[in-house]
Amino acid sequence: YDNPSPFQGGDPFGQDSPFADIFGDIFGGRGRRAAPSRNPNTVTQLAIDLETAYYGKNILIDLGYLRDNIDIPPGCRDGTVIRMPNKGQVKYPGLPAGDLEIRIYVNMPPDIARDGDDLYQRVNISSIEAITGTDIVIDNAVGKPLRVSIPAGTQPGARLKLSNQGMPHPNTTRYGNM
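Every residue gets a number counted from 1 within its own chain, in the order that chain's sequence is written. Local features in a predicted model are, by the rule used here, given only for residues with pLDDT of at least 70; side-chain atom pairs are given and counted only at 80 or more, and totals for whole chains, interfaces and linings are based on all residues. No hydrogens and no water enter the side-chain calculation; it runs on all heavy atoms of the structure.

(A) The arrangement of the overall build of the protein chain in detail. By the criteria applied, helices consist of DSSP H or I runs no shorter than four residues and strands consist of E runs no shorter than two, each listed in order from the N terminus. Helix and strand counts for the protein chain stand at three helices and nine strands. Counted from the first residue to the last, the protein chain has its helices and strands arranged as α-β-α-β-β-β-β-β-β-α-β-β. Exposed residues in this analysis have more than 50% of their type's maximum accessible area, buried residues have under 20%, and partly exposed residues fall in between, with area computed by a 1.4 Å probe over protein chains only. Of all 178 residues assigned to the protein chain, the portion counted as buried reaches 31%. Surface exposure here means Shrake-Rupley accessible area, sampled with a 1.4 Å probe, where a residue is shielded only by the protein chains that are shown. Counting only carbon and sulfur atoms, one obtains 50% of the accessible surface of the protein chain, whose full area is about 12,200 Å².

The following block contains the structure:
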């Protein structure tokens, strides 16, 4: 059975039928579609390290069809989308380019976690240090050494807060905590 339509000569309600536009207007979805007015947006990903997310940076990207610089803002978060208008790949010649959308992924060091602008770092100390208290030095997100006083009697799982030692809040002068 070569012709899947039960009608001789094809489906009278198919896309090329004179009835398609009428029924498409009434029921929707079956008429001819308008031609696109521009190329679709191009979506890509860029992985950055925590230091780049902290300070921000101007990075050269090379997508084959495009070599351009993008500005990573200080405090950039995982999943941030940077949009570059009219820099998308041209799929349909003769139509304007769509936008380039770059989704940022921040590669976190294994000993640091992030929640918004706050950073969390696990530090192991001995039982004696927890009982008597001690001073330790840890590195913040960008390798700056921080002196931390562990009070005597600190219990396992205790959290100490280092104010303003987290990530910068985008577009402000505030910092999260560590």
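(B) How the structure looks around the pairing of strand β5 (residues 100-107). In this description, strands pair whenever DSSP reports at least two bridges between them. Of the pairings in the sheet, the one linking strand β1 (residues 42-49) to β5 comprises eight bridges and is parallel in character. From the neighbouring strand, I48 faces β5, where its bridge partner is V106. Two elements, strand β4 (residues 81-84) and β5, share four bridges in a ladder whose sense is antiparallel. When the bridges of β5 are listed, V81 appears paired with R103.

(C) Structural detail: the sheet that holds β5. Ordered by their spatial adjacency, three strands build an open sheet running β1-β5-β4, and the pairing between neighbours is mixed. Two strands bound the open sheet, and with one partner strand each, they are β1 and β4. For this sheet, the mean angle separating the axes of adjacent strands, direction not counted, is 25°. Angles shown run from 0 to 180 degrees and are taken between the N-to-C directions of axes, each axis being a line fitted to C-alpha atoms and, for helices, limited to the stretch in contact.

(D) Molecular detail of unusual backbone geometry. The backbone of N86 sits at a positive phi, close to 60°, despite the residue not being glycine. Turning to its location among the elements, N86 is positioned in the loop between β4 and β5. Exposure remark for N86: the relative accessible area of 51% places this residue in the exposed category. The backbone phi angle of N171 is positive, close to 65°, even though this residue is not glycine. Locating N171 in the fold gives a position in the segment after β9 (145-150).

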